Amino acid sequence: MQLFYNSDIKKGDATFFFDKEESKHIVKVLRKKEGDKIFITNGLGYLFESEIILASEKKCEIKITKESYQQPDSFYTHIAVAPTKMNDRLEWFLEKATEIGIHEITPIICDHSERKVYKIDRAEKIIQAAMKQSLHLYLPKINEPVLFSQFVKSNSEGQRFIAHCEETDKKSFQKAIAKNEKVVLLIGPEGDFSTKEINLAIANHYIPVTLGNTRLRTETAALVACHTLALLNE
């Protein structure tokens, strides 16, 4: 099944028009024609089975033949991660985490961050492509970057954890997490969180955790955590 994504299609629609850019891609690039069936999601859990009734490069029209809805997961994974110095490393994480089934990502700017500015335009496209490729019906949310201090002070939902490398008492992330819960995990930059940031997180009820016995890159640590939560909630 080839899955298309369009946020404008909604429950109860009988027909739908794609914009010029996507119409051209469907008709000219993919060579779809009238009568062909295509599958679309709006990223909100809906799957629309449809048939092309007008194969126009400027305004491709479909007729929706079947509509189904997938219930959201019983758990929720929110990774707050410092943007890496090399963009491609964080983009790799975004792609793979979307395939695994992450729900929300927030880039956090930390004391030791080498990248202080991060634009999410390209990240959104990567997430959309990974969602379609892996046939997920829910589009992960990516937030605008925020300062570490602002994030930990404002986010108070679910189980909260901070993974860091300092030699202090830490719990095993795998043993600390619970099924069917919202989990928020902080992952620091290449230079790790500062002691000040760790103390601030703890003061805001974040539990220090370890992801294993080896030192992981930022993007690897974030992906390991995402996969651990997915396996727990299978």
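Residues numbered from 1 in each chain as written. Predicted model: local features only at pLDDT ≥ 70, side-chain atom pairs only at ≥ 80, totals over all residues. Heavy atoms only, no water.

Brief notes about unusual backbone geometry
Leaving glycine out, the prevailing phi sign among residues is negative, and the prevailing peptide bond configuration is trans.
Here is step 1: In this structure, Leu135 takes a positive phi of about 60° despite not being glycine.
Here is step 2: Among the secondary structure elements, Leu135 is positioned in the loop between helix 3 (121–133) and strand 8 (141–142).
Here is step 3: Residue classification places Leu135 among the partly exposed positions, given a relative accessible area of 39%.
Here is step 4: Of note in the backbone geometry, Asn180 takes a positive phi value of approximately 55° without being a glycine.
Here is step 5: The residue Asn180 is located in the loop between helix 5 (173–176) and strand 12 (182–187) in this model. (Helix = DSSP H or I, 4+ residues; strand = E, 2+ residues; numbered from the N terminus. Buried < 20%, exposed > 50% of the residue type's maximum accessible area, 1.4 Å probe, protein only.)

A short note on the pattern of salt bridges
Here is step 1: Applying the stated criterion across every chain yields a total of 9 salt bridges.
Here is step 2: Across the salt bridge formed by Lys10 and Asp13, the nearest N and O atoms sit 3.4 Å from each other.
Here is step 3: The class for Asp13 is buried, based on a relative accessible area of 18%.
Here is step 4: Through salt bridges with shared partners, a single ionic network connects Arg89, Glu190 and Glu219. (Salt bridge = Lys/Arg side-chain N within 4 Å of Asp/Glu carboxyl O.)

Side note on the nonpolar core
Here is step 1: Core analysis: the largest hydrophobic core is formed by 28 residues, its most contacted members being Ile79, Phe93, Leu94, Phe173 and Leu185.
Here is step 2: In terms of residue count, helix 7 (residues 218–232) provides more of this core than any other element does, 6 residues in total.
Here is step 3: In this structure Leu94 touches Ile105, Tyr118, Ala123, Ile126, Ile127 and Ile142, once residues within four positions along its chain are discounted.
Here is step 4: Core analysis: the next-biggest nonpolar cluster, separate from the first, contains 15 residues, Ala82, Val184, Ala201 and Tyr206 among them. (Core = buried A, V, L, I, M, F, W, Y, C linked by side-chain atoms within 4.5 Å. Contact = heavy atoms within 4.5 Å.)

Points about the pairing of strand 6 (residues 76–81)
Here is step 1: With 5 of its 6 residues buried, strand 6 lies for the most part within the structure.
Here is step 2: With 4 bridges joining them, strand 6 and strand 7 (residues 104–109) adopt parallel strand pairing. Note on strand 7: the bridge partner recorded for Ala80 is Thr106.
Here is step 3: Taking the sense of rotation as the criterion, the β-α-β connection linking strand 6, helix 2 (residues 87–100) and strand 7 turns out right-handed. (Pairing = 2+ DSSP bridges. Right-handed = clockwise from strand over helix to strand, strands pointing away.)

Some remarks on the pairing of strand 12
A regular strand places its side chains so that they alternate between the two faces of the sheet.
Here is step 1: With 5 of its 6 residues buried, strand 12 lies for the most part within the structure.
Here is step 2: Inspection of the sheet shows strand 6 paired to strand 12 by 6 bridges, in the parallel sense. Pairing of His78 across the sheet is with Val184, part of strand 12.
Here is step 3: As judged from the 5 bridges shared by strand 10 (residues 159–163) and strand 12, these two strands associate in the parallel manner.

What about the packing of aromatic side chains?
Here is step 1: For the structure shown, the criterion picks out 5 aromatic pairs.
Here is step 2: Residues Phe16 and Phe18 carry aromatic rings whose centres are separated by 5.5 Å and whose planes lie at 85° to one another, so their mutual orientation is edge-to-face. Each member of the pair, Phe16 as well as Phe18, carries the same accessibility label: buried.
Here is step 3: Considering the side-chain rings of Tyr46 and Phe48, the 6.0 Å spacing of their centres and the 20° angle between planes classify their relative orientation as stacked. (Phe/Tyr/Trp six-rings, centres within 6.5 Å; stacked < 30°, edge-to-face > 60°.)

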